Amino acid sequence: MPTFVPRLNHLAEWKQDLVIASGTWVLGVLVYVSGMQVLLAGPDDTPLWIRLSELTVLCGLEMLRRKIPLALLCALAVLAVDIAFGPSLPILIVFTDFLYATTLYGSRRTSRLMIGVAAIGTIAVVCLALIFSAQWRTAILAAFALLPFLVTPVWWAANVRQQRDIADSERANAVQLATIGELDRKAAVAGERSKMARDLHDVIAGHLSAIAIQSEAALSMATVDPNLSRKVLESVRENSVSALDEMRAMIGLLRADPSTGDTEIEPTAPARLAELSKLVESARASGLKVEIGSTPGQYSLPAAVDLTAYRIAQEALTNAAKHAAGGRAVLDIRADGGILTVEVRNDLRPGSGSGDDGGTGLGLLNMRERAAAVGGTLAAGPSGGGWLVRAELPLEGS
């Protein structure tokens, strides 16, 4: 039986109804043949063919048990005919299945209506038994003997329906949670891609722009000052190696498998303000006269703020070397009152533009995004005949 029920549930609905109707018909025939169908006192004088005809029609209607209320109304008509000949047990048992199916498969309104019908029917059965029976005790006992056939199927179906509705609700909630989880995952992936794009821009636009500027300077002064040309070429090489190291670190992070802890390439530490001197020397090798106002070397900075400040300084100096080559730039980094301030002020040459990264518009945008990511702000624009980039980064809560 435990294996038969799951197999029955896997069948199509009409096949399930066919199995139920066939099994019910066979059991009903056995009851009629054995003579156990009598419910009231006295012999059953109704011909067997009439009883079997009623049973066959009622079992045939079970194929429509899910068609509510048509099946229940037709079954009620068969029950009325059976009661007219004298109520029999098989017809009453099969009729309870229609009450069960109507409550379970009907609409919510029909299901609630069936509960009311069961309650009213219980009272009606008791009243009719008292009216048509000579002995009231016998009438009450007979009425209560018939009540399980009316109340039990409706009560059982109502409970099954309630559990099914709860399961459907939980299943719908699970689907919604899975959808929300998938949306969160996609948003996280999009955020990581945006972060990777910003980092790639900083690495490529910073180092490679410096390489291009320094290479041009080296070519122009190769015959004028060989020593200075050599110094510029050394800076080109240093920028190239730095760019390769950072690209290698990013590729290592992308190819890492966090679940197993395997990393094919060991990532290097991200750039910090401690390496600011290399950044300044690279800008100077590009022909920019860089002056350092102050640096927060004595402070212990949060890692995120440290990296953000370095990248903003790198981007600002790179743009200054592009748009004000041979000019002057002042780098000032100070920490005061829980705020790390990064300022890069450079001269503007005629026709040099806004100091952004070659017209792509990504330099200032990336700096603003980096500052906002740690809860800070960034402002850039003309100031005193030059161009000023100023970032304020909070040191607490970063």
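Residues numbered from 1 in each chain as written. Predicted model: local features only at pLDDT ≥ 70, side-chain atom pairs only at ≥ 80, totals over all residues. Heavy atoms only, no water.

Asker: What is the right way to read the overall build of the chain from this model?
Answerer: The helix and strand inventory of the chain stands at eleven helices and five strands. Here the chain holds 398 residues, and 37% of them are scored as buried. The long-range share in the chain, meaning contacts at least 24 apart out of those at least 6 apart in sequence, stands at 69%. Roughly 22800 Å² of accessible area belongs to the chain as shown, and the carbon and sulfur atoms make up 64% of that amount. (Helix = DSSP H or I, 4+ residues; strand = E, 2+ residues; numbered from the N terminus. Buried < 20%, exposed > 50% of the residue type's maximum accessible area, 1.4 Å probe, protein only. Contact = heavy atoms within 4.5 Å. Areas by Shrake-Rupley, 256 points an atom, 1.4 Å probe, with all protein chains shown as cover.)

Asker: Help me understand the packing of aromatic side chains, please; the structure alone is not making it clear to me.
Answerer: Aromatic rings in a pair are described by how distant their centres are and how their planes are angled relative to each other. Counted according to the given criterion, the structure contains one aromatic pair. The ring of Tyr105 has Arg66 lying over it, and the distance from NZ or CZ to the ring centre is 4.5 Å. (Phe/Tyr/Trp six-rings, centres within 6.5 Å; stacked < 30°, edge-to-face > 60°. Lys NZ or Arg CZ within 6 Å of the ring centre and 35° of its normal.)

Asker: Can you walk me through the packing of helix α3 (residues 48-61) against helix α5 (residues 89-105) in this structure?
Answerer: The description of two packed helices rests on the angle between their axes and on the distance between the axes. Interhelical geometry of α3 versus α5 gives an angle of 10° and a closest axis separation of 10 Å. When the axes of α3 and α5 are compared, the pair comes out roughly parallel. Where α3 crosses over α5, the handedness of that crossing is left-handed. Here Glu54, Leu55, Leu58 and Leu61 of α3 come into contact with α5, specifically with Pro90, Ile91, Val94, Phe95 and Phe98. (Axes fitted to C-alpha atoms, helices over the stretch in contact; angles between N-to-C directions. Parallel < 35°, antiparallel > 145°, perpendicular 65-115°, else oblique. Left-handed = near helix turned anticlockwise from the far one by under 90°.)

Asker: Mind showing me how you'd approach the confidence of the model for the chain here?
Answerer: Reading predicted coordinates in detail is not appropriate for stretches of low pLDDT. Averaged over all residues, the pLDDT of the chain equals 76, while 69% of them reach at least 70. Averaged pLDDT values over the elements of the chain bottom out at 62 in helix α1 (residues 4-9) and peak at 90 in strand β5 (residues 386-394). Taken as a whole, residues 263-267 scores under 50 in pLDDT and shows nine contacts with residues more than four places along the chain or in a different chain. (pLDDT = per-residue confidence, 0-100.)

Asker: Explain the side chain of Arg161 to me, please; I cannot follow it from the model alone.
Answerer: Residue placement: Arg161 occurs in helix α7 (residues 136-220). Although Arg161 lies buried, it forms no salt bridge, and the closest oppositely charged side chain, Asp165, sits 4.1 Å away as judged by the N-O distance. There is a polar contact of 2.6 Å between the side chain of Arg161 and the backbone oxygen of Gly106. Contacts of Arg161, omitting those with residues within four sequence positions, involve Thr103, Leu104, Tyr105, Gly106, Ser107, Arg108 and Ser111. (Lys, Arg positive; Asp, Glu negative; His and termini not counted. Salt bridge = Lys/Arg side-chain N within 4 Å of Asp/Glu carboxyl O. Polar contact = N/O pair within 3.5 Å; in protein donor to acceptor, adjacent residues only side chain to side chain.)

Asker: Help me out: how do you make sense of the sheet that holds strand β1 (residues 289-292) in this one?
Answerer: Strand pairing within a sheet occurs via backbone hydrogen bonds; the two strands may be parallel or antiparallel. In spatial order, the strands read β1-β2-β3-β5-β4; together these five strands make up an open sheet with mixed pairing. Strand pairing shows two members of the sheet lacking a second neighbour, β1 and β4 (377-383), which therefore form its edges. Here the strands of the sheet are splayed against their neighbours by 15° on average, with no regard to which way each runs. As judged from the eight bridges shared by strand β2 (residues 328-336) and strand β3 (residues 339-347), these two strands associate in the antiparallel manner. (Pairing = 2+ DSSP bridges.)

Asker: Would you mind going over the nonpolar core with me for this structure?
Answerer: If you look at soluble globular proteins, the nonpolar side chains tend to sit buried side by side. Counting 32 residues, the largest nonpolar core has Leu273, Leu276, Ile312, Leu317, Leu331, Leu340 and Leu393 as its most contacted members. Secondary structure elements with two or more residues in this core: α9 (276-285), α10 (303-323), β2, β3, α11 (362-373) and β5. With eight residues, the single largest contributor to this core is α10. Of all hydrophobic cores here, the second largest spans 21 residues; its members include Val29, Leu79, Val94 and Met114. (Core = buried A, V, L, I, M, F, W, Y, C linked by side-chain atoms within 4.5 Å.)

Asker: Before we go on, may I ask you to explain the pattern of salt bridges in this structure?
Answerer: In a structure, side chains of opposite charge can pair up when their charged atoms sit close to one another. Under the defined criterion, the tally for this structure stands at 14 salt bridges. Between Arg51 and Glu54 there is a salt bridge, with the nearest N and O atoms lying 3.8 Å from each other. Of this pair, Arg51 and Glu54 both sit in helix α3, separated by three residues, roughly a single helical turn. One exposure class covers both Arg51 and Glu54, and it is buried. Arg328 is the salt-bridge partner of Glu291, the closest N and O atoms lying 3.0 Å from each other. Separated by 37 residues along the polypeptide, Glu291 in strand β1 and Arg328 in strand β2 bring together distant segments of the chain. Classification of Glu291 by relative accessible area gives partly exposed; the value is 39%. Among the charged side chains, a network of salt bridges with common partners joins Asp332, Arg334, Glu343, Arg390 and Glu392.

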